[in-house]
Amino acid sequence: MVQEKINLLSKIATMAAAMLLMSCDSLFHRYYGVGGCWPSSDTLTFTYTPQNESKLCCQLDVELRNSSDYKYKELFLRVERFSKIEKDTIVDTLRCELYDDSGHIRGTTAGILRQTSFPVDTMEIQPNDTLTIRVSHLMDDKELQGVSDVGIRLSHCDRRQF
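Residues numbered from 1 in each chain as written. Predicted model: local features only at pLDDT ≥ 70, side-chain atom pairs only at ≥ 80, totals over all residues. Heavy atoms only, no water.

A. Focus on the overall build of the protein. Looking only at helices and strands, the protein has 1 helix and 11 strands in total. Listing every helix and strand of the protein by position from the N terminus yields α-β-β-β-β-β-β-β-β-β-β-β. In the protein, buried positions account for 38% of the 162 residues. Sequence separation of 24 or more characterises 78% of the internal contacts of the protein that already satisfy a separation of 6 or more. For the protein, the exposed surface amounts to about 9,800 Å²; the carbon and sulfur share of it is 53%. (Helix = DSSP H or I, 4+ residues; strand = E, 2+ residues; numbered from the N terminus. Buried < 20%, exposed > 50% of the residue type's maximum accessible area, 1.4 Å probe, protein only. Contact = heavy atoms within 4.5 Å. Areas by Shrake-Rupley, 256 points an atom, 1.4 Å probe, with all protein chains shown as cover.)

This is how it looks when you write it as structure tokens:
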């Protein structure tokens, strides 16, 4: 009985340490719920203002949570990035494959939702900059069924990539 409790506590501590290490990598991680139906007119806006004194090397990922109500194999997104300091807008079209060629789900499944992360780009953020990221879908459907949440993650990257 005592050994089982020690094993359980050890597993919990290991999981907590792993979660802490994963969260240390993220600079910014936010989701917006779209309620299972994402209108094509709805552009989601994320704003990040770091408190850094030097350039930050960042990896930008878009993350999706969808249910089995989503009826397509892929999803096309428009991802806009605007830097307050550089006064430059970069627009990317992102092809998000939710299923592989064999029909297997990509990402992870938790309950009825599937969560998938898609890399967009690596970038540098200048000190005292503000980064605005806008995400909208480019699908023909006026209301895209089955998408629950859309998010972005900015995480540290290796400076040698620049």
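There is more to say after this.
B. Spotlight on the nonpolar core. One finds Trp-38, Leu-77 and Leu-154 to be the most contacted residues of the largest nonpolar core, which totals 32 residues. Per element, the largest residue contribution to this core is 5 residues, and it comes from strand S4 (residues 56-66). When near neighbours in sequence (up to four residues on either side) are disregarded, Leu-77 contacts Trp-38, Val-62, Leu-64, Asp-92, Thr-93, Leu-94, Cys-96, Val-135, Ser-136, His-137 and Leu-138. (Core = buried A, V, L, I, M, F, W, Y, C linked by side-chain atoms within 4.5 Å.)

C. Representation of the pattern of salt bridges. Taken as a whole and judged by the stated rule, the model has 10 salt bridges. One salt bridge in this structure joins Arg-81 and Asp-92, with 2.9 Å as the shortest N-O distance. Pair noted here: Arg-81 is in strand S5 (residues 74-83) and Asp-92 is in strand S6 (residues 88-97), with a separation of 11 residues, a long-range link. Beyond isolated ion pairs, a larger network of salt bridges with shared partners links Glu-74, Arg-95, Glu-97 and Arg-106. (Salt bridge = Lys/Arg side-chain N within 4 Å of Asp/Glu carboxyl O.)

D. Broad picture of the environment of Val-34. Its location among the elements puts Val-34 in the loop between strand S1 (26-33) and strand S2 (37-39). Sequence separation between Val-34 and Leu-44 is 10 residues; the distance between their C-alpha atoms is 9.2 Å. In contact with Val-34, not counting residues within four places along its chain, are Asp-42, Leu-44, Val-147, Ser-148 and Asp-149.

E. The arrangement of the side chain of Gln-59 in detail. Mapped onto the fold, Gln-59 is located in strand S4. Separated by 3.0 Å, the side chains of Gln-59 and Thr-122 make a polar contact. Contact partners of Gln-59, with chain neighbours within four places excluded, come to Pro-119, Val-120, Asp-121, Thr-122, Arg-153, Leu-154, Ser-155 and Cys-157. (Polar contact = N/O pair within 3.5 Å; in protein donor to acceptor, adjacent residues only side chain to side chain.)

F. Structural detail: the sheet that holds S4. Ordered by their spatial adjacency, 5 strands build an open sheet running S1-S11-S4-S8-S7, and the pairing between neighbours is antiparallel. Looking at which strands have only one partner, the edges of the open sheet turn out to be S1 and strand S7 (108-110). The sheet shows a mean angle of 25 degrees between the axes of neighbouring strands, taken without regard to direction. Strand direction decides the pairing type here: S1 and strand S11 (residues 147-156), joined by 7 bridges, are antiparallel. In the sheet register, Tyr-31 faces S11, and the bridge partner there is Gly-151. (Pairing = 2+ DSSP bridges. Axes fitted to C-alpha atoms, helices over the stretch in contact; angles between N-to-C directions.)

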